Protein chains: 6
Amino acid sequence: MERKDRRRADQLRPYRIHRHFQKYPAGSVLIEMGNTKVICAASIEDRVPFFLRGTGEGWIAAEYSLLPSATGTRSQREAVRGRQSGRTQEIERLIGRSLRSVFDTKAIGERTIMIDCDVIQADGGTRTASVTGAFVALVEACATFYEKGGIFPVRDFVSAVSVGIRACGDPALDLCYEEDSQAIVDMNVAMTGAGNFVEVQGTGEGRPFSRAELNQLLQLGEQGCRELISYQKDVLGGELVWLVGREG
Amino acid sequence: MERKDRRRADQLRPYRIHRHFQKYPAGSVLIEMGNTKVICAASIEDRVPFFLRGTGEGWIAAEYSLLPSATGTRSQREAVRGRQSGRTQEIERLIGRSLRSVFDTKAIGERTIMIDCDVIQADGGTRTASVTGAFVALVEACATFYEKGGIFPVRDFVSAVSVGIRACGDPALDLCYEEDSQAIVDMNVAMTGAGNFVEVQGTGEGRPFSRAELNQLLQLGEQGCRELISYQKDVLGGELVWLVGREG
Amino acid sequence: MERKDRRRADQLRPYRIHRHFQKYPAGSVLIEMGNTKVICAASIEDRVPFFLRGTGEGWIAAEYSLLPSATGTRSQREAVRGRQSGRTQEIERLIGRSLRSVFDTKAIGERTIMIDCDVIQADGGTRTASVTGAFVALVEACATFYEKGGIFPVRDFVSAVSVGIRACGDPALDLCYEEDSQAIVDMNVAMTGAGNFVEVQGTGEGRPFSRAELNQLLQLGEQGCRELISYQKDVLGGELVWLVGREG
Amino acid sequence: MERKDRRRADQLRPYRIHRHFQKYPAGSVLIEMGNTKVICAASIEDRVPFFLRGTGEGWIAAEYSLLPSATGTRSQREAVRGRQSGRTQEIERLIGRSLRSVFDTKAIGERTIMIDCDVIQADGGTRTASVTGAFVALVEACATFYEKGGIFPVRDFVSAVSVGIRACGDPALDLCYEEDSQAIVDMNVAMTGAGNFVEVQGTGEGRPFSRAELNQLLQLGEQGCRELISYQKDVLGGELVWLVGREG
Amino acid sequence: MERKDRRRADQLRPYRIHRHFQKYPAGSVLIEMGNTKVICAASIEDRVPFFLRGTGEGWIAAEYSLLPSATGTRSQREAVRGRQSGRTQEIERLIGRSLRSVFDTKAIGERTIMIDCDVIQADGGTRTASVTGAFVALVEACATFYEKGGIFPVRDFVSAVSVGIRACGDPALDLCYEEDSQAIVDMNVAMTGAGNFVEVQGTGEGRPFSRAELNQLLQLGEQGCRELISYQKDVLGGELVWLVGREG
Amino acid sequence: MERKDRRRADQLRPYRIHRHFQKYPAGSVLIEMGNTKVICAASIEDRVPFFLRGTGEGWIAAEYSLLPSATGTRSQREAVRGRQSGRTQEIERLIGRSLRSVFDTKAIGERTIMIDCDVIQADGGTRTASVTGAFVALVEACATFYEKGGIFPVRDFVSAVSVGIRACGDPALDLCYEEDSQAIVDMNVAMTGAGNFVEVQGTGEGRPFSRAELNQLLQLGEQGCRELISYQKDVLGGELVWLVGREG
């Protein structure tokens, strides 16, 4: 069945990453995937979590939040409710793991890079857009303290995208909120520049899914991630792209 | 002493209000006062706080938050800490009172207008920028359910601005963060289109202040508020300005 | 490399499900997967979450907890800390989704089946053991209110198992804690009696993984789930197995 | 319009400060303003907040609470609700700022003076009574560690009072609860012995207020604060009054 | 060994109950037992806890708190910490049970009597002083809605006192803080006017205690409770004493 | 009146303690008292509470929890509610005090023994079963670090049991839930091997109780505790029994 915005099944929504979006953080971008808009910032802090103190190793931690005004119906502010939801924490763990999978935490010493993903408009795919945008902010931030001849802590690219099986039974790439809320299978895929998987999270929301369907979804996800990594490279520009994977 | 950005004592920073900033809320603007940037959204909910149930009267409630990445040094997310700070709640109460002072809560029936002020960049004056921006979002939101011939619930304009006595002893309008953090007196003024005060909150942070100094500050605040109300009118345009104060 | 307990790569740990483990809940089992032991209880409550009131539809919700004494090093009690961790909530969501994927929530009216998974000994794979055990408790519970000739709300079997790539690079089924904590890829698979996937969650903890490795892991997971479903049938016995999927 | 208790517009309610009210704190008074009664205690602690550690500077922090039985209708205990309200925190910040404005935090080394204001009967003006009473407790407490020839950390007197425009449109000093709850403008003023302002917080609860009205209110507030400072001196007695402002 | 204040082993500290201590609650007293001072208030609310709705029966609930300034070393405010301690809740449960044991909750309809015990000075025995004082406030409160010829809900008197075995091994009545903190056995006894026990809570803090010692302590507790009930009668006066136990 | 399960008034329910119930904690038992079943674990941690740091002294702390599925009607998980109830904390304090009363905290250095009592089935008397079971786990745990010739920190045995006056007016030992919920007097007694009391907590839930009734209850409690201590000795076996009270 045709998609509402007439996209092909394997077509991403129009996407764009604005760099240097905020003034103060070491790295900051605004990523847009269709109507989904997320501010991704990377700040450097001279401390590490308790379990790393004294090891000489650093850390990446991610936090995620929806502005109450970002969603179709206003959502409650987590600071007012007094705690983060399970969904929020699940997303924060996904973003953190995805970035750490291409990151050499030993190369930054005892520093934490705090990733803040604040969604200012939510139309599906906010967690995967957060990964894709946060990667760019992370590179920006690491470039601020990189010293020539050293190891650049970001070892490879990483991007993420959602895929799913729509209500009509067709697989599709990069679902908007309306498609997502009716999807019978929902999957998030994060992938590296080298073409390997970092995260594969598929859920049969409406019904279980077959191995053949899983393969189709992985195929679409892989294609979407590749296209986004290619765009990350454009946005970062030659000098920063050159840094990724530098070993001294 | 000359101000760092060479502004006159009675000069506002460059300001701008972008309307229709988000897709979903009934009203949404981005207000910029120099480097301070706040998203102000107004959402309409069909419920009222407990103390108004059954009275036929509505309410305006405001929430305020800083993105962690908005400040010079990253600030902790209140949802992670598990509660809002006293400062946050004080600001929320100020925004709510300022808007309600020009609002006819009886004219909207049992509805709540939720005002969300989310600061994406903080360089001083975020609470007063929130009032000024939220007013525009409020008018946008009320226009969506206004019916011809009815009473428009917004009775007058309201804007707010900070004033203070700088470290050098000179009074000044619209302090940036650097000026504010060193100020010896700090004051927030909110004023209506008719030129009356809605809030006057002055604090001698560094030393007490005399009646003469208070008068100077009130004078500057009044001038700043007038200029901002004039700009609110430009931004809203004739049709919406015409609605403010309509009585049927 | 040989596994510590000399298991084959595709071999489950010794498993056992004790039925009727507690006296009060409608369904209750103790599941053992090697040294991992989880009490899974299913209780029926005559209420539904807010979003289902008045719809005539029911719900399954899951809660998960580790006894502090269940782990190698004592873990802090979440009731003392005052909130559930992100990990706990992620697991609760996984258990709930897995069971709901084979459940007809409309067939039970406005009732909630509360699933409680309390781990009394944790040696890896507690979340997947919870799914496998909870399924049996769920069937026990639904049998208590099933009326002859009606639709049995459990539509198919579901089990779950962990798979991963061990530190040595070999893929393996059903990792114990020691294997899991050193694994470079970690995946949980939940599958139905019909052989379809309900959940696939794979994470490259140590390094990204290739499509070929993903295929190997899916293969092992599928095999493990099939074996566990076969055992669930043994444990439930003919009469209860007969109920699963009954349509009147 | 005549006031209910036949007071003149510029007349304070009967006031009284009982010194040495509790046995254990370094300073402790009971202040009565009409039916409003507040226990104000000052305790000295040998630690400072995080941001002052190692600076050699001290701090004053204030806490405020209403006994549930203090109000016309019993109010909920904040310890039961699990958090302090925005109103409570706003009051605590006001008390702390007012006292710090006449206090030399460097003169006490790394010590914190904790001010506890516990309202045992509330009939309007509890926050301003807290400031006026806490000042006396603060002087009592500082006298316990003052050494002859040193700098006395309290540099000047400070008192506070509420003023407002009553429902009938008349300005009035020191509103009781009934007047306050119907007031159209509500203002708190804190002032020093030298006649300068420390806090001016005015809010148009019922309607905005003009500059002329603001001037009338400031005039009344100034008069009330002067009278209270004169009484603070009587209560403290010559020896302690002599200490205030001592510079060695 | 002689007691520090030269009291006999079976002698209470000087005690006093001030009635009508606060203006707003239906009943309010200040009780002093030596240096221990507690405000006990009884407020009537037209609602009952969830488990009593629709039963026609009422309830008594008690809350207890220490002012931070009440103790030798300032104690942290529970509203700031965000939760009540286990000790506080234990005391609240004791006060509520003691009063309910002589109360006919059916005789007040669906009303709750909220008992607030706020300790303004703590020198040992605050929980038992709370019971003794709260009883008087409870009678005061019930008298406000008693109608001639009806059943008076308070069926008998109740008082409470602490007893213990001091560090020197001697049993003693009504321990002050210094004695209590060194006591090897600590016991609280609550008793009715008819001479029956309502609560007996003995703990061997320093060492276990024999049956003979238990008997000595019960003997002292009984004597102390009798004396306090006799004083409660003096304080209430003939008319209110006459009401206690009235059956129509 | 005859008891439902035909027990004599002075008869315990069938009891059993399974040792080495869990794999990881230093001590772990499952205690059964009729249908009441509690897992009691003792874990050793190399840290002490704040107030003991640097004193060379150790501590015993106890935590208690009901599995939601342990009770007739499912009970809410405290980790979900976000805080422990007053009842839970009261029980934890009772367990901790009872064990500490026979324990030499100086003999273990700066270590904490964490006692976890997790009720997997609740049919009355869970807190006293927790004390009786936890004692055995405590001895198991202390044996793991005991060095020949040293002081064994457990000085004496301790057990606990509930007694009460049933609805029919008869006193009885070891009440099951049904008896307990209707009891008019409820008492918990903890006693040492030497026959002394550690805790006596009696409450007149339904009506006050006389001194004669108290004596009967103490008599029953003493008998029950003696029988349980005798069984603790059987279960521990000669070698461990020999350790209890060893002084080098």
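Residues numbered from 1 in each chain as written. Chains lettered and ligands numbered in written order. Predicted model: local features only at pLDDT ≥ 70, side-chain atom pairs only at ≥ 80, totals over all residues. Heavy atoms only, no water.

S.K.: Explain the relation of the copies chain F and chain C to me, please; I cannot follow it from the model alone.
M.R.: Here the second copy of the chain follows from the first by a rotation about an axis and a shift along it. In screw terms, the move from chain F to chain C is a rotation of 180° and a rise of 0.0 Å along the axis, fitting with an RMSD of 0.0 Å. What the superposition gives is, in effect, a two-fold axis relating one chain to the other. Ranked by how close their C-alpha atoms come to the rotation axis, the residues of chain F are headed by F:Ala79, at 1.9 Å. The fraction of interface residues of chain F whose copies in chain C are also interface residues reaches 100%, indicating that both copies meet through the same surface. (Least-squares fit on C-alpha atoms with pLDDT ≥ 70 in both. Contact = heavy atoms within 4.5 Å.)

S.K.: Help me out: how do you make sense of empty space enclosed by the protein in this one?
M.R.: Empty space among the atoms becomes apparent when a probe as large as a water molecule is rolled across them. All chains considered together, the criterion is met by nine cavities of 30 Å³ or more. What the largest cavity holds in volume is close to 170 Å³. Residue lining of the largest cavity: 16 residues in total, with D:Ser65, D:Arg77, E:Ser65, E:Arg77 and E:Asp118 positioned closest to the centre. Broken down by secondary-structure element, the contributors of at least two residues to the lining of the largest cavity are strand S4 (59–66) and helix H1 (78–81) of chain D together with strand S4 (59–66) and helix H1 (78–81) of chain E. (1 Å grid on protein atoms, 1.4 Å probe; cavity = no way out; pocket = protein on both sides within 12 Å on 5 of 7 lines; lining within 4 Å. Points joined across faces, edges and corners; volume = space filled by probe spheres on them. Helix = DSSP H or I, 4+ residues; strand = E, 2+ residues; numbered from the N terminus.)

S.K.: Even after reading the chapter, I still don't get the interface of chain A and chain C, so can you show me in this structure?
M.R.: Taken together, the contact between chain A and chain C spans 28 residues of the former and 30 residues of the latter. For the chain A and chain C pair, buried surface summed over both sides reaches about 2600 Å², with 48% attributable to carbon and sulfur atoms. Our enumeration of links across chain A and chain C arrives at two salt bridges. C:Glu90 is the salt-bridge partner of A:Arg93, the closest N and O atoms lying 2.6 Å from each other. Run the count over chain A and chain C and you get 14 residue pairs in polar contact (both at pLDDT 80 or more). Of all the elements in the fold, those that place two or more residues in the side of chain A that touches chain C are helix H2 (86–100), strand S9 (197–203) and helix H5 (211–243) of chain A. For the side of chain A that touches chain C, the leading source of residues is S9(A), giving seven residues. For the side of chain A that touches chain C, a count of residues per class yields seven nonpolar, 13 polar and eight charged. For S9(A) and strand S9 (residues 197–203) of chain C, the ladder comprises five bridges, and the chain directions are antiparallel. (Buried area = accessible area lost by both parts, 1.4 Å probe. Salt bridge = Lys/Arg side-chain N within 4 Å of Asp/Glu carboxyl O. Polar contact = N/O pair within 3.5 Å; in protein donor to acceptor, adjacent residues only side chain to side chain. Nonpolar A, V, L, I, M, F, W, Y, C, P; charged D, E, K, R; others polar. Pairing = 2+ DSSP bridges.)

S.K.: Sorry if this is basic, but what is going on with the sheet that holds strand S9 (residues 197–203) of chain F here?
M.R.: As a general point, the strands of a sheet are linked pairwise by backbone hydrogen bonds and lie either parallel or antiparallel. Taken in spatial order, the eight strands line up as S7(E)-S6(E)-S8(E)-S9(E)-S9(F)-S8(F)-S6(F)-S7(F) in an open sheet, and their pairing is antiparallel. Whereas interior strands pair on both sides, the edge strands pair on one side only; in this sheet they are strand S7 (171–173) of chain E together with strand S7 (171–173) of chain F. Shown here is a sheet whose adjacent strand axes are inclined to one another by a mean of 15°, direction ignored. Packed on one face of the sheet, helix H2 (residues 86–100) of chain F meets strand S9 (197–203) of chain E together with strand S6 (158–165), strand S8 (185–192) and S9 of chain F and runs near 150° to S9(F). Packed onto the sheet, helix H3 (residues 126–145) of chain F meets S6 and S8 of chain F and runs at close to 165° relative to S6(F). (Axes fitted to C-alpha atoms, helices over the stretch in contact; angles between N-to-C directions.)

S.K.: Can you walk me through the interface of chain F and chain C in this structure?
M.R.: You'll often see interface size given as the accessible area lost when the parts meet. Between chain F and chain C, the residue contacts involve 35 residues of the former and 35 residues of the latter. Note on chain F versus chain C: buried area summed over both sides is about 2800 Å², and carbon and sulfur give 49% of it. Summed over the three residues of chain F that lose the most area to chain C, namely F:Tyr24, F:Arg74 and F:Arg77, the buried surface amounts to 25% of that side. Between chain F and chain C we count 10 salt bridges in total. A salt bridge links F:Arg77 to C:Glu63, with the nearest nitrogen and oxygen atoms 2.9 Å apart. Our enumeration of links across chain F and chain C arrives at 18 residue pairs in polar contact (both at pLDDT 80 or more). Those elements that provide at least two residues to the side of chain F that touches chain C are strand S3 (36–45), strand S4 (59–66), helix H1 (78–81) and strand S5 (112–121) of chain F. It is S5(F) that provides the largest number of residues to the side of chain F that touches chain C, a total of six residues. In the side of chain F that touches chain C, the residues fall into 15 nonpolar, 10 polar and 10 charged.

S.K.: Explanation requested: the UniProt feature "domain: Exoribonuclease phosphorolytic" (unreviewed entry) in chain A in the structure shown.
M.R.: Residue and element names in this part refer to chain A. Sites flagged by UniProt as "domain: Exoribonuclease phosphorolytic" (unreviewed entry) map to residues 11–141 and 156–223. For the annotated span residues 11–141, helix accounts for 27% and strand for 31% of the residues, and the straight-line distance between the end C-alpha atoms is 30 Å. Each end of residues 156–223 is marked by a C-alpha atom, and these two atoms are 17 Å apart; helix forms 28% of the span and strand 38%. (UniProt positions renumbered as here; feature names shortened; annotations may be inferred.)

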